[in-house]
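# Architecture at a glance
One-letter residues, chain by chain:
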Amino acid sequence: MSLDDDQVLIQKILAGKRASFEELMKKHNKRIFGYIYRMVRDEDVAIELTQDFFLKLYHVLDKYNFEYKFTTWAYRICYNMVIDHVRKNPAHIESLENDTIIPKLMDSENYVKEDTLDDLVKEEIREYTWSVVNRIPPKFRELILMRYLQELKYEEIADITQLPVGTVKNRLFKAKEMLKTELEKDGVLK
Amino acid sequence: MACLNETKIQDYIEGGLTAVERSLVRDHLIVCAKCNASYQRYEKLEKSLGEPVYITPPLIIERNVLRMLFPRIPSYSSIFALLAASFLLLVTSIYIYFDFANNSIVQAFQLTSHDTSNWLGSIIKAISTIFSTVYVIFKAINAFFEVIFKVNMGVEIIGLCMLLLLSWSFYLLSRLVFKKIKGSN
């Protein structure tokens, strides 16, 4: 059985190499934190949940089955943690209108300064689109985040959320319909 | 062909239709401005979503996780420095505790040195001189506080505060020295 990069790292961690865990954490931190932050929309809570996620991941790593893709397994742990948090704190996750915090935290590395007006417009649309993602209801938002932020396939999302693939697909279509409507309403998509 | 619904357009963008369906949708998009506009918007949306705006995770996350999982064992230099500083604090605290004001230990040292010859006598004399000097300094500081702030703290309290400060500085200095020694090896 050939192992992917994540699995090689896990083998090293299980063999006692601490640096490999650091490497694994660095590799997935951005996507995990991005997902959690956009779901809970509170920086302190997101930091705490991300820390808890990595601590839990380390402690259950010996239960990982190498036959499955690591990201699907790990993201399911993350998904369940967020769900638990949401159940305990429903007020945190509801759609909010004020998303001013998001642009402040945008990753400067991902900003590409383009000279042409067309590219600037595209960039603005991209940023605005992602700020609107935070406003759609959580059950749709989580799927958008899994699909586009964590780059998961429909089948993997279905595996994580324990929903049928058809439901995942329909819900994602519905989510995009919502986003399109919101962007049209705000005059961003013309 | 009737106008396309939203799902059909999204399916078309994602490549989820059969070849025949794709060709029908493509033909319809050419002739129907309304569906074409909707298609263009979905295309833009798909493009924007396909390039996520990532949020930089604060560095504290990695640091905290690693600290919690693998707590740092104090280095040898820290342990040595702490031991040295503790020794200094202990010796001088004992000195303060045993009648510092009357300088009895200094006197005892001086008496002992009279009967002791050579290097041991010199060492004892040196120690008693250091203690006497320190005592004079503490007395001076106490007098200074009394004149400026009208507070008589007592030589013992001043001594203790100064010793804590001294021990801490000694600790930092020793750590630096031990680290340098370790580094040069």
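Residues numbered from 1 in each chain as written. Chains lettered and ligands numbered in written order. Predicted model: local features only at pLDDT ≥ 70, side-chain atom pairs only at ≥ 80, totals over all residues. Heavy atoms only, no water.

Another point: the overall build of chain B. A tally of helices and strands in chain B yields eight helices and zero strands. Order of helices (α) and strands (β) in chain B, N terminus to C terminus: α-α-α-α-α-α-α-α. Looking at chain B residue by residue over its 185 residues, the buried ones come to 31%. Nonlocal contacts in chain B, meaning residues at least 24 apart in sequence, comprise 57% of its contacts between residues at least 6 apart. For chain B, the accessible surface area stands at approximately 12100 Å², while carbon and sulfur atoms represent 68% of it. (Helix = DSSP H or I, 4+ residues; strand = E, 2+ residues; numbered from the N terminus. Buried < 20%, exposed > 50% of the residue type's maximum accessible area, 1.4 Å probe, protein only. Contact = heavy atoms within 4.5 Å. Areas by Shrake-Rupley, 256 points an atom, 1.4 Å probe, with all protein chains shown as cover.)

This paragraph deals with the overall build of chain A. From N to C terminus, chain A includes ten helices and zero strands. In sequence order, the secondary structure elements of chain A are arranged as α-α-α-α-α-α-α-α-α-α. Taken across its 190 residues, chain A has 51% of its residues classed as buried. The long-range fraction of contacts in chain A, counting pairs at least 24 apart against all pairs at least 6 apart in sequence, stands at 63%. Here chain A displays about 9700 Å² of accessible surface, and carbon together with sulfur accounts for 50% of that area.

The relative placement of two aromatic rings is captured by the distance of their centres and the angle of their planes. Across all of its chains, the model carries eleven aromatic pairs over all chains by this definition. Ring centres of F33 of chain A and Y37 of chain A lie 5.8 Å apart, and the angle between their planes is 20°; on these two criteria the pair is classed as stacked. Highlighted residues: F33 of chain A and Y37 of chain A, both in helix 2 (residues 18-40), separated by four residues, approximately one helical turn. With a relative accessible area of 0%, F33 of chain A lands in the buried category. On the basis of relative accessibility, which here comes to 0%, the residue Y37 of chain A falls in the buried class. Ring centres 6.2 Å apart and planes at 80° place the aromatic pair F144 of chain B and F145 of chain B in the edge-to-face group. Sitting over the ring of Y154 of chain A, R147 of chain A keeps its end group 4.3 Å from the ring centre. (Phe/Tyr/Trp six-rings, centres within 6.5 Å; stacked < 30°, edge-to-face > 60°. Lys NZ or Arg CZ within 6 Å of the ring centre and 35° of its normal.)

The next subject is the environment of L49 of chain B. Among the structural elements, L49 of chain B can be located in helix 3 (residues 33-50). When neighbours within four sequence positions are excluded, L49 of chain B is seen to be in contact with T129, W130, V133, I144, Y148, K176 and L179 of chain A.

What follows concerns the interface of chain B and chain A. With 31 residues of chain B at the contact, the number on the chain A side is 47 residues. Looking at the side of chain B facing chain A, the largest losses of area belong to V53, Y54 and I55 of chain B, adding up to 21% of the total buried there. Summed over the shared surface of chain B and chain A, the result is six salt bridges. In this structure, K169 of chain A engages D11 of chain B in a salt bridge whose closest nitrogen and oxygen atoms are separated by 3.3 Å. (Buried area = accessible area lost by both parts, 1.4 Å probe. Salt bridge = Lys/Arg side-chain N within 4 Å of Asp/Glu carboxyl O.)

Moving on, we get to unusual backbone geometry. Residue and element names in this part refer to chain A. Residues other than glycine seldom take positive phi values, yet R41 does so here, at roughly 55°. Structurally, R41 is set in the loop between helix 2 and helix 3 (43-60). Taking the relative accessible area as the measure of exposure, R41 reaches 13% and is therefore buried. Even without glycine at this site, E151 takes up a positive phi of about 55°.

What follows covers helix 9 (residues 154-161) of chain A. All names here are of chain A. Most of helix 9 is tucked away: six of the eight residues are buried. Regarding helix 9, the residues found buried are Y154, E156, I157, A158, I160 and T161. Remark: Q162 follows helix 9 within two positions and exhibits a positive phi of approximately 60°.

Attention now goes to the pattern of salt bridges. According to the stated counting rule, one finds 15 salt bridges over all chains in the structure shown. What emerges from the salt-bridge pattern is a single network uniting K180 and E184 of chain A together with E6 and R41 of chain B.

The subject of this paragraph is the nonpolar core. Formed by 81 residues in total, the largest nonpolar core has its most connected members in Y35, I36, F53, L57, F70, W73 and I144 of chain A. Beyond its immediate chain neighbours, meaning those up to four positions away, Y35 of chain A contacts C78, Y79, V82, E142, L145, M146, L149 and Q150 of chain A. (Core = buried A, V, L, I, M, F, W, Y, C linked by side-chain atoms within 4.5 Å.)

Before going further, it helps to spend a moment on the confidence of the model for chain A. Residues and elements named next belong to chain A. When pLDDT is averaged along chain A, the result is 82; 83% of the residues meet or exceed 70. Per-element confidence in chain A is highest for helix 3, whose mean pLDDT is 93, and lowest for helix 6 (residues 101-105), whose mean pLDDT is 40. For the stretch residues 95-116, pLDDT sits under 50, and the model shows 40 contacts to residues farther than four places along the chain or on other chains. (pLDDT = per-residue confidence, 0-100.)

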